[in-house]
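# Fold and geometry: a report
This is what each chain is made of:
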Amino acid sequence: GGGGRRGDRTLARARQAAKRRTFPLINSQIIAAADTGDLELLMSTVEAYLGQMNLVNLSTALHRLAKLTAADAEASEALWQHPALPALMEALRQMLQVAGTGGAPPQCQALSNIVWSLATVQVVDEAALRRIAELASTHLKDFKPFELASLLWGFAKIGETTPVAVSCSARLLEV
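Residues numbered from 1 in each chain as written. Predicted model: local features only at pLDDT ≥ 70, side-chain atom pairs only at ≥ 80, totals over all residues. Heavy atoms only, no water.

## Concerning the packing of helix α6 (residues 108-121) against helix α7 (residues 126-138)
The test is simple: Each axis is a line fitted through C-alpha atoms, taken for helices only over the stretch in contact, and angles between the N-to-C directions span 0 to 180 degrees. Comment: elements are numbered from the N terminus, with helices defined as DSSP H or I runs of at least four residues and strands as E runs of at least two. Note on convention: the crossing is left-handed when the near helix lies turned anticlockwise from the far helix by less than a right angle, right-handed when the turn is clockwise. In this analysis, two residues are considered to be in contact whenever any of their non-hydrogen atoms come within 4.5 Å of each other. Three residue categories are used. Nonpolar comprises Ala, Val, Leu, Ile, Met, Phe, Trp, Tyr, Cys and Pro, charged comprises Asp, Glu, Lys and Arg, and polar comprises the others, including Gly.
Between α6 and α7, the least distance of the axes is 11 Å, while the angle of their chain directions is 145 degrees. Handedness of the α6/α7 crossing: left-handed. Taking contact as the criterion, the partners of Leu111, Ile114, Val115 and Leu118 in α6 are, on α7, Leu129, Ile132, Leu135 and Ala136. Per-class residue counts for the contact of α6 with α7 are eight nonpolar, no polar and no charged.

Listed below in structure tokens is the structure:
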């Protein structure tokens, strides 16, 4: 009968609730690792949780990596060469593809932090930038002024060296 389906729905809801509780835990682990100032520890923490991260977790990881390496050329080089960076960027691209598809607006602060972080660490990912520009342009009214300013700064900074960022951000200014 129908009891099996109800049990399946209950189990699915329980899994979703557990997943929602996991995201803040992941963020706290990322922040704790970043606070040590140890790039390798932060990257290994990101690697360990990568498959369980949501967009906010990915944003936090990139933001903390940017803050940790921004003023340190040697640390920046280590980040660019780190074998986990491509996996992080792939996870980001995948998460951005599903962002905003459920009807709810994407997390504007996460999008803003991601573009700021990519600009700060000088990592240009055309697919991620295009998707963020697409999401941001359709949800512009949901951005707080500082989020929008940070987003536009990031696109402008990347645009200094990469023309693709200029074309991505142009649609944000077509208001």
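Once you've had a look at it, read on.
## Let's talk about the side chain of Thr69
Within the secondary structure layout, Thr69 lies in helix α3 (residues 55-69). Look past the residues within four positions of Thr69 in its chain and what remains in contact with it is Leu39, Ala75, Ser76, Leu79 and Val121.

## Some points on α3
The cut-off we apply is this: Each helix should span, by expectation, one fewer than its residue count multiplied by 1.5 Å. Note on classification: 1.4 Å probe, protein chains only; a residue is buried when its accessible area is under 20% of the maximum for its type, exposed when over 50%, partly exposed between these limits. Within 3.5 Å is the distance limit for a polar contact, defined as a pair of N or O atoms, with the added protein rule that one can donate a hydrogen and the other accept it, and that residues adjacent in sequence qualify only through two side-chain atoms.
For α3, which comprises 15 residues, the first-to-last C-alpha distance of 21 Å matches the rise-based estimate of 21 Å (1.5 Å per residue) to within 8%. When we look at burial in α3, the residues that qualify are Leu55, Asn57, Leu58, Ser59, Thr60, Ala61, Leu62, Leu65, Ala66 and Thr69. Looking at where α3 begins, the residue whose side-chain oxygen comes 3.2 Å from the main-chain nitrogen of Val56 is Asn54.

## Regarding the side chain of Asn57
Here Asn57 shows up in helix α3. Dropping the residues within four chain positions of it, Asn57 is found in contact with Phe23, Ile26, Asn27, Ile30 and Gln52.

## Overview of the nonpolar core
Convention followed: Definition used in this section: a nonpolar core is a set of buried Ala, Val, Leu, Ile, Met, Phe, Trp, Tyr and Cys residues joined via side-chain atoms within 4.5 Å.
In this structure, Leu55, Leu88, Leu92, Leu96, Leu118 and Ile132 are the most contacted members of the largest nonpolar core, which totals 44 residues. Elements with a contribution of two residues or more to this core: α1 (3-35), α2 (39-49), α3, α5 (85-98), α6, α7 and α8 (145-159). With eight residues, the top contributor of residues to this core is α6. Residues contacting Leu96, with those up to four places away along its chain left out, are Leu55, Leu111, Ala128, Arg131, Ile132 and Leu135.

## Quick look at the pattern of salt bridges
The cut-off we apply is this: Take a side-chain nitrogen of Lys or Arg and a carboxyl oxygen of Asp or Glu: if they are within 4 Å of each other, that pair is a salt bridge.
According to the stated counting rule, one finds six salt bridges in the structure shown. Between Arg93 and Glu90 there is a salt bridge, and its shortest N-O distance comes to 2.7 Å. Residue Arg93 and its partner Glu90 are located together in helix α5, separated by three residues, close to a single helical turn. Residue Arg93 is classed as partly exposed on the basis of its relative accessible area of 24%. Asp142 is the partner of Lys141 in a salt bridge, and the nearest nitrogen-oxygen pair spans 3.7 Å. Of the residues examined, Asp142 reaches a relative accessible area of 31% and is grouped as partly exposed. Overlapping salt bridges bring together Glu90, Arg93 and Asp125 as one network.

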